[in-house]
Amino acid sequence: DTAVSQTPKYLVTQMGNDKSIKCEQNLGHDTMYWYKQDSKKFLKIMFSYNNKELIINETVPNRFSPKSPDKAHLNLHINSLELGDSAVYFCASSQDPYQGYEQYFGPGTRLTVT
Amino acid sequence: TQLLEQSPQFLSIQEGENLTVYCNSSSVFSSLQWYRQEPGEGPVLLVTVVTGGEVKKLKRLTFQFGDARKDSSLHITAAQPGDTGLYLCAGGPRGGTDKLIFGTGTRLQVFP
């Protein structure tokens, strides 16, 4: 069974479009995250939700909007896509954000904006 | 801003060689994790160290947390092609936040 899953795996789209990435975890974790990994493989946190509540919101453009319908799902919607949004986006989850930081990552979504 | 610098950035070695990857910061961390990421996959947790000076072993991999909890090292003995990947350290900062700070990464290639 896949612990953290993301869809789609690959996403190619044009500038100005709006797209969504979905994430689901079946680990029973309370906290979920979105990370962005750039072309140099640097991994940086974007958002974190704990029990459907936003607890981390890094300096990310307003075009990015996370939504957590329940604690097992965290989706990422991106409006007006730009060339600089091209990257690999990873979803992750952890049991408890305040007592440990061990995180379980999904396989990633490679977003290419043309 | 807390930064974790890893060195070397790239490493290409032959099977059977030993290697060490370093993860350094000027900040103190409450814990330090090491992840390995293979192409097309997400990072996978290898180990977590929480006590200054702590050493953990995972088969041929030895992880150490610095005494001052500002740095860590990963030593691989007799590297194998299956060890190939991107190695990332990640620090859990002090102060109660739940944000992991990831290192700059080390890309390891082990040739048969």
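Residues numbered from 1 in each chain as written. Chains lettered and ligands numbered in written order. Predicted model: local features only at pLDDT ≥ 70, side-chain atom pairs only at ≥ 80, totals over all residues. Heavy atoms only, no water.

> Can you explain the interface of chain B and chain A? Please cite residues and give values.
Taken together, the contact between chain B and chain A spans 24 residues of the former and 23 residues of the latter. When chain B packs against chain A, the two sides together hide about 1,800 Å² of surface, and 56% of this comes from carbon and sulfur. Summed over the shared surface of chain B and chain A, the result is 0 salt bridges. In this structure, the connection of chain B to chain A is made through 4 residue pairs in polar contact (both at pLDDT 80 or more). Mapped by element, the contributors of at least two residues to the side of chain B that touches chain A are β4 (29-37), β5 (44-49) and β9 (85-93) of chain B. (Contact = heavy atoms within 4.5 Å. Buried area = accessible area lost by both parts, 1.4 Å probe. Salt bridge = Lys/Arg side-chain N within 4 Å of Asp/Glu carboxyl O. Polar contact = N/O pair within 3.5 Å; in protein donor to acceptor, adjacent residues only side chain to side chain. Helix = DSSP H or I, 4+ residues; strand = E, 2+ residues; numbered from the N terminus.)

> Residues and numbers for the nonpolar core, please.
All names here are of chain B. The biggest cluster of nonpolar side chains holds 23 residues, and the ones touching the most others in it are L19, L32, W34, L74, I76 and L108. Counting residues per element, the ones that place at least two in this core are β2 (10-14), β3 (19-24), β4, β5, β7 (61-65), β8 (71-76), β9 and β11 (106-111). Dropping the residues within four chain positions of it, L108 is found in contact with L11, I13, L19, I76, D83, T84, G85 and Y87. (Core = buried A, V, L, I, M, F, W, Y, C linked by side-chain atoms within 4.5 Å. Buried < 20%, exposed > 50% of the residue type's maximum accessible area, 1.4 Å probe, protein only.)

> Help me get a handle on the sheet that holds strand β1 (residues 5-7) of chain B, residues and values and all.
Residues and elements named next belong to chain B. A sheet is described by the order of its strands in space; here 5 strands give the open sequence β1-β3-β8-β7-β6, paired in antiparallel fashion. Edge positions in the sheet fall to β1 and β6 (55-58), since each of these pairs with one other strand and no more. Looking at each pair of strands side by side, their axes are set apart by 15 degrees on average, direction ignored. Here β6 runs beside β7; their pairing, made up of 4 bridges, is antiparallel. Across the sheet, the residue bridging to V55 is Q64, located in β7. (Pairing = 2+ DSSP bridges. Axes fitted to C-alpha atoms, helices over the stretch in contact; angles between N-to-C directions.)

> I'd like to hear about the pairing of strand β7 (residues 64-70) of chain A, residue by residue, with values.
Direction of pairing for β7 of chain A relative to strand β8 (residues 73-78) of chain A: antiparallel, over a ladder of 5 bridges. Across the sheet, F64 of chain A pairs through a bridge with I78 of chain A, a residue of β8 of chain A.

> Lay out the state of the cysteines in plain terms, naming residues and giving numbers.
Residue and element names in this part refer to chain A. Applying the stated criterion across every chain yields a total of 2 disulfides over all chains. Across the disulfide from C23 sits C91; the S-S distance is 1.8 Å. Disulfide C23-C91: the torsion about the S-S bond is -75 degrees, which places it as left-handed. With a gap of 68 residues between them, C23 in strand β3 (residues 19-25) and C91 in strand β9 (residues 87-94) connect regions that are remote in the sequence. (Disulfide = S-S within 2.5 Å.)

> Residue-level account of the sheet that holds β3 of chain A, with values.
Residue and element names in this part refer to chain A. Spatially, β1-β3-β8-β7 is the arrangement adopted by the 4 strands of the open sheet, whose pairing is antiparallel. Two strands lie at the open edges of the sheet, namely β1 (4-7) and β7, each paired on one side alone. Strand-to-strand twist across the sheet, computed as the mean angle between neighbouring axes with direction ignored, equals 20 degrees. Direction of pairing for β1 relative to β3: antiparallel, over a ladder of 4 bridges. Along β3, the bridge assignment pairs S5 with E24.

> How would you explain unusual backbone geometry if you had to name every residue and give the values?
In this structure, the amide linkage connecting T7 of chain A to the following residue, P8 of chain A, adopts the cis form with an omega of -5 degrees. Here P8 of chain A lies in the loop between β1 and β2 (10-13). Looking along the chain, the bond that leaves S7 of chain B and enters P8 of chain B is cis, with omega of -5 degrees. If you trace the backbone, P8 of chain B turns up in the loop between β1 and β2. Phi angles above zero are rare outside glycine, and K59 of chain B is one such case at about 55 degrees. As for its position among the elements, K59 of chain B is in the loop between β6 and β7.

> Tell me about the environment of I55 of chain A, residues and numbers included.
Residue and element names in this part refer to chain A. If you trace the backbone, I55 turns up in strand β6 (residues 53-57). Judged by its relative accessible area of 29%, I55 falls in the partly exposed class. Sequence-wise, I55 and Y33 are 22 residues apart; in three dimensions their C-alpha atoms are separated by 9.8 Å.

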